[in-house]
Amino acid sequence: MSNPFELTWNQAENRLEFVMRGKWTAQDLQKWTTTYSATVRQGRPGWTLLGDMSEYPPQSEEVSAGHEKMMALTMASGASRVALVVPKAVVAMQMKRLQGNAGVNMKHVSSRDEALAYLTAA
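Cut-offs applied
Residues numbered from 1 in each chain as written. Predicted model: local features only at pLDDT ≥ 70, side-chain atom pairs only at ≥ 80, totals over all residues. Heavy atoms only, no water. Helix = DSSP H or I, 4+ residues; strand = E, 2+ residues; numbered from the N terminus. Contact = heavy atoms within 4.5 Å. Core = buried A, V, L, I, M, F, W, Y, C linked by side-chain atoms within 4.5 Å. Buried < 20%, exposed > 50% of the residue type's maximum accessible area, 1.4 Å probe, protein only. Salt bridge = Lys/Arg side-chain N within 4 Å of Asp/Glu carboxyl O. Pairing = 2+ DSSP bridges. Axes fitted to C-alpha atoms, helices over the stretch in contact; angles between N-to-C directions. Phe/Tyr/Trp six-rings, centres within 6.5 Å; stacked < 30°, edge-to-face > 60°.

Notes on the side chain of T48
And then number 1: Looking at the secondary structure, you find T48 in strand β3 (residues 48-55).
And then number 2: In contact with T48, not counting residues within four places along its chain, are N14, R15, L16, S80, R81 and L119.

Shown next as structure tokens:
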């Protein structure tokens, strides 16, 4: 399988972007947690996050618990707005449950264009 995630900073927009794909293993989660934790420290105040989960199926409880921790870290690290592209209803439901548990407010949208519109709105 290809890399289970990609993570990049759009420095000009002060926006962190990620793509997640496929069913994750514990090793994938560990790699994500380590990489993501280091990467969120690169943002300037007011940074935004755009996540694409279009190719990401529902995950195990272990993987979901790891995502919940990273959601909390996102907000604690100063993200001003978060948009997740989650066109699959079941994944959107899983993410809403996790963000509720983590006390995080994230916008769920069905396309990248919708996410960008939300992130750049005044």
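Some thoughts on the nonpolar core
And then number 1: In terms of nonpolar packing, the biggest core is built from 24 residues, with W32 and Y36 touching the most fellow members.
And then number 2: Elements with a contribution of two residues or more to this core: β1 (5-10), β2 (15-21), α1 (26-39), β3, α2 (61-76) and β4 (81-85).
And then number 3: Ranked by size, the runner-up nonpolar core spans 6 residues in total, among them L50, A83, V85 and L119.

Concerning the pattern of salt bridges
And then number 1: In the structure shown here, the tally under the stated rule is 3 salt bridges.
And then number 2: Here R15 and E17 are joined by a salt bridge, their closest N and O atoms 2.9 Å apart. E17 carries the same exposure label as R15, and that label is buried.
And then number 3: Between R112 and E17 there is a salt bridge, and its shortest N-O distance comes to 3.0 Å. Of this pair, R112 sits in helix α4 (residues 112-120) while E17 sits in strand β2; the two residues are 95 residues apart in sequence, bridging distant segments of the chain.
And then number 4: One connected set of salt bridges, linked through shared partners, spans R15, E17 and R112.

A word on the sheet that holds β4
And then number 1: Strand order in the open sheet made by the 5 strands is β1-β2-β3-β4-β5, with mixed pairing throughout. Each having just a single partner strand, β1 and β5 (107-109) make up the two edges of the open sheet. The mean inter-strand angle of the sheet, taken between neighbouring strand axes irrespective of direction, is 15 degrees.
And then number 2: In this structure, β1 lies alongside β2, joined through 6 bridges in antiparallel fashion. When the sheet's bridge partners are listed, N10 is paired in β2 with R15.
And then number 3: Along the sheet, α4 contacts β2, β3, β4 and β5; its crossing angle with β4, the most-contacted strand, is approximately 175 degrees.

As for the packing of aromatic side chains
And then number 1: The final tally for this structure, using the stated rule, is 7 aromatic pairs.
And then number 2: With a centroid separation of 5.4 Å and an interplanar angle of 80 degrees, the aromatic rings of W24 and Y56 are classed as edge-to-face. Residue W24 is located in the loop between β2 and α1, and its partner Y56 is located in the loop between β3 and α2; the two are separated by 32 residues in the primary sequence. The burial state of W24 is the same as that of Y56; both residues are buried.
And then number 3: Look at W32 and Y36: their rings are 4.9 Å apart centre to centre, the planes differ by 25 degrees, and that puts the pair in the stacked class. With W32 and Y36 both in helix α1 and 4 residues apart, this pair spans about one turn of that helix. Each member of the pair, W32 as well as Y36, is classed as buried.
And then number 4: Pairwise contacts between aromatic rings join F5, F18, W24, W32, Y36 and Y56 into one cluster.

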